[in-house]
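Secondary and tertiary structure notes
Chain residues, written in single-letter form:
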Amino acid sequence: RASSRLLAMSFERGDFYKVVALVEGRLLSIYDGVTEYAVGRLLRDRALPKHRGGLYVARSPQEALRATFTLPQSSKLPWAPRYLLRCHVQGPIEEYRGKLAVSALLVLSA
């Protein structure tokens, strides 16, 4: 589960996008159903190779939406309504099989 902190940080990369579940007014990870996103909230989870960590993002809104069609079977909220987030990211980006994992994500807008 990603930890969150309300901090100002220097984010060096451009905009990235993430689709999350909207459950009872909360923006939650579709995958784990627990990690909560909010505008202005910084989340961290160290990105590691081979799907062993990180926060998953996409380079465009279209890529983010496409990713929701290939969710792991173990996803906790596959049928919940969806919401698109615009984010800034920081740290190394781990890329494999078209998926991007980052170590820090700041939600800019929902």
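Since the structure is predicted, the reported quantities are computational estimates derived from the model, not experimental observations.

Conventions used here
- Residues numbered from 1 in each chain as written.
- Predicted model: local features only at pLDDT ≥ 70, side-chain atom pairs only at ≥ 80, totals over all residues.
- Heavy atoms only, no water.
- Pairing = 2+ DSSP bridges.
- Helix = DSSP H or I, 4+ residues; strand = E, 2+ residues; numbered from the N terminus.
- Axes fitted to C-alpha atoms, helices over the stretch in contact; angles between N-to-C directions.
- pLDDT = per-residue confidence, 0-100.
- Contact = heavy atoms within 4.5 Å.
- Core = buried A, V, L, I, M, F, W, Y, C linked by side-chain atoms within 4.5 Å.
- Buried < 20%, exposed > 50% of the residue type's maximum accessible area, 1.4 Å probe, protein only.

**A word on the sheet that holds strand β6 (residues 55–57)**
Read from one edge of the open sheet, 3 strands run β6-β9-β8, paired in antiparallel fashion. The open sheet has two edge strands, β6 and β8 (94–96), and neither has a second partner. Taken over all neighbouring pairs, the strand axes of this sheet differ in orientation by 30° on average, direction set aside. One ladder, built from 3 bridges, connects β6 with strand β9 (residues 99–102); its direction is antiparallel. Each residue of the ladder has a partner; that of valine 57, found in β9, is leucine 100.

**Some remarks on the confidence of the model for the chain**
Detailed reading of predicted coordinates is not advised where the pLDDT is low. Confidence in the prediction of the chain, expressed as mean pLDDT, is 87, and 88% of residues score 70 or more. In the model, residues 1–12 has pLDDT below 50 throughout and makes 33 contacts with residues more than four positions away in sequence or in other chains.

**Re the nonpolar core**
Membership of the largest hydrophobic core comes to 14 residues, with the highest contact counts inside it found for Tyr37, Leu43, Leu55, Val57, Leu85, Leu105 and Val107. Sorting the residues of this core by element identifies β2 (15–23), β6, β7 (82–90), β9 and β10 (104–109) as the ones contributing at least two each. Ranked by the residues each element gives to this core, the list is headed by β7, at 3 residues. Filtering out sequence-adjacent residues up to four positions away, tyrosine 37 remains in contact with Lys18, Val20, Leu27, Leu28, Ser29, Leu43, Leu55, Leu85, Leu105 and Val107. Within the second largest apolar cluster, 9 residues are counted, among which are Tyr17, Val19, Ala58 and Ala80.

**A word on the environment of alanine 80**
Mapped onto the elements of the fold, alanine 80 is located in the loop between α1 (61–67) and β7. For alanine 80, a relative accessible area of 15% puts it in the buried group. Taking C-alpha positions, alanine 80 is 9.7 Å from leucine 28, a pair spaced 52 residues apart along the chain. Among residues more than four places away in sequence, those in contact with alanine 80 are Ala21 and Val23.

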